[in-house]
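# Chains, contacts and geometry: an overview
The residues making up each chain are set out below.
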Amino acid sequence: MPIAATLEERLTELEVRFAFLEETVAVLNATVATHDRVLGDMREEFRRLRSELGVVRSSLSHDPATEPPPPHY
């Protein structure tokens, strides 16, 4: 019966390892899902900031042709 005991021990060890791997995959899956949400939020914020930067640039840059003449003219 030593072979059966060895097989049973090996099977038990594999079951323990499998349970650990299942837990690890679940934790990693939750982490990836969280990172995906955060990345999506960051992308949206980046788009918003780029849009605001465009507005600021256009308000700061001015065309001298559109300015009124100085008062001494």
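Right, let's get into the pattern of salt bridges. Taken as a whole and judged by the stated rule, the model has 4 salt bridges. A salt bridge links Glu45 to Arg48, with the shortest nitrogen-to-oxygen separation between them at 2.3 Å. Pair noted here: Glu45 and Arg48 are both in helix H1 (residues 2-60), with a separation of 3 residues, about one helical turn. Note that Glu52 is salt-bridged to Arg48, the shortest N-O span being 2.1 Å. In this pair, Glu52 and Arg48 are both assigned in helix H1, 4 residues apart and thus about one turn of the helix distant. Given the relative accessible area of 39%, Glu52 is considered partly exposed. You can call Arg48 partly exposed: its relative accessible area is 36%. Taken together, the salt bridges that share partners define one network made up of Glu45, Arg48 and Glu52.

Here Glu67 shows up in the segment after H1. Judged by relative accessible area, which is 41%, Glu67 ranks as partly exposed. A C-alpha to C-alpha distance of 65 Å links Glu67 and Thr24, two positions 43 residues apart in sequence.

What counts and what doesn't
- Residues numbered from 1 in each chain as written.
- Predicted model: local features only at pLDDT ≥ 70, side-chain atom pairs only at ≥ 80, totals over all residues.
- Heavy atoms only, no water.
- Salt bridge = Lys/Arg side-chain N within 4 Å of Asp/Glu carboxyl O.
- Helix = DSSP H or I, 4+ residues; strand = E, 2+ residues; numbered from the N terminus.
- Buried < 20%, exposed > 50% of the residue type's maximum accessible area, 1.4 Å probe, protein only.

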